[in-house]
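Per-entry structural report
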Amino acid sequence: MSGDTAPHVVEDFFGAVQLFSDGTVVRGDEAALMPAEPFPDVPGVQWKDTVYDATRGLKVRLYKPAAAADAGDDGGNKSKLPVLVHFHGGGYCIGSYDQLGGGHYLRRRLAADLPALVLSVQYRLAPEHRLPAAIEDGVKFLAWLRGQAALAAASGSGAEPWLAESADFARTFLSGVSAGANLAHHLAVKAGSGQIDLAPVRLAGHVLLSLFLGGVQRTATESTPPDGVSLTVAMSDQLWRMSLPVGATFDHPLANPFGPDSPDLEPVALPPVLVEAPEVDVLRDRVLLYAARLKQMGKDVELAEFEGEQHGFSVLRWGQANEELIRILKRFVHRCST
């Protein structure tokens, strides 16, 4: 009698994602993983979706502040706003560009407070679409944004109206939370190393919130995690197992920017970077090392440490630390825009 060869679960991320031995993926309700507390309204911020990749049906959600016509820099281009491209978190396996809750609130606050046009980008998720699929989608989006900038610079005809009316493409920023920050890093590297051409878009800076990283060798905060973490080492490991190419180690260049096979970042023309580092995070040591290594290379790095805060705190709840983060972000965008 032959053995039981029925597919079985090999990875189960809290019921939200189940990966079976035959490669089948079953998705459940992510609601249990999302913050339960309600987030307040942000008056005046509008949003809408548009498709940037018709072949794959990928969309971007645009957020526009009510004062778009009066906002902008002090140099006479007052009708134009900086563009903040944003990638959601979720370990490359969960989350969504249009998910309500903390992420939606953060993006509305960024639109209102910076002020800026905030573009929340959809990308394909693992394990159905393992890396580098999400990176490829990010590249595709930047190509779309470049096309929008070219249309707006010509006559505006054919461009997405909000972008044509209000976007200052010379002040474009990449940003993301957790895996979204990882994605933003890799796109900045591609742009800075000449692998992708963004002109007439100019990348003025990038913002990495609770950067999602990995590595074979454990750090101190991974070996002895602080109490009260939102992301455990086991969770981080599981998300990397489900998102990296099959057979890859945690030193894969997409997980570890300083791994044995990772490209040298020293010659890369990276734009200024704001790195947010929460204290209560198993990845804290990796994030601090990331910032320190880039500084050693002479890169423009601003490090913002947040005592007592968890990985992804910017979308988990809202408090004084979040308000301070908004203020830091606003100063960073202003500095990189002048």
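Up top is the structure.
The structure contained in this document is the topic of the report that follows. Predicted model only: the values in this text are computed from it and were never measured.

**Some points on the sheet that holds strand E9 (residues 203-209)**
Here eight strands make up an open sheet; going across it, the order is E4-E5-E7-E6-E8-E9-E10-E11 and the pairing mixed. Each end of this open sheet is capped by a strand with a single partner; those strands are strand E4 (46-53) and strand E11 (301-310). When the angles between neighbouring strand axes are averaged without regard to direction, this sheet yields 20 degrees. Examined bridge by bridge, strand E10 (residues 273-280) and E11 share seven bridges and lie parallel to one another. For leucine 274, the partnering residue across the bridge sits in E11 and is glutamate 302. Helix H9 (residues 320-337) rests against strand E6 (81-87), strand E8 (167-177), E9, E10 and E11 of the sheet, and its axis sits at about 175 degrees to E11.

**Quick notes on the pairing of strand E7 (residues 117-121)**
Buried residues dominate E7, accounting for five of its five residues. Here E7 shows a buried face lined by Leu117, Leu119 and Val121 and a second buried face lined by Val118 and Ser120. Bridge analysis of strand E5 (residues 58-64) against E7 gives four bridges, and the strand direction is antiparallel. Each residue of the ladder has a partner; that of tyrosine 63, found in E7, is valine 118. Sheet topology note: the E6/E7 ladder contains five bridges and is parallel. Note on E7: the bridge partner recorded for valine 85 is leucine 119. One crossover worth recording links E6 to the parallel E7 by way of helix H1 (residues 102-113), and it is right-handed.

**Topic: the pairing of E8**
With respect to burial, E8 is a largely interior element, 10 of its 11 residues being buried. Looking at chain direction, E6 and E8 are connected through seven bridges and run parallel. Note on E8: the bridge partner recorded for leucine 84 is phenylalanine 173. As defined by bridge partners, E8 adjoins E9 across six bridges and the pair is classed as parallel. Its bridge partner being in E9, phenylalanine 173 is matched across the sheet by glycine 205. Handedness of the crossover is the feature at issue here: the chain leaves E8, passes through helix H4 (residues 179-192), returns alongside E9, and the resulting connection is right-handed.

What counts and what doesn't
Residues numbered from 1 in each chain as written. Predicted model: local features only at pLDDT ≥ 70, side-chain atom pairs only at ≥ 80, totals over all residues. Heavy atoms only, no water. Pairing = 2+ DSSP bridges. Helix = DSSP H or I, 4+ residues; strand = E, 2+ residues; numbered from the N terminus. Axes fitted to C-alpha atoms, helices over the stretch in contact; angles between N-to-C directions. Contact = heavy atoms within 4.5 Å. Buried < 20%, exposed > 50% of the residue type's maximum accessible area, 1.4 Å probe, protein only. Right-handed = clockwise from strand over helix to strand, strands pointing away.

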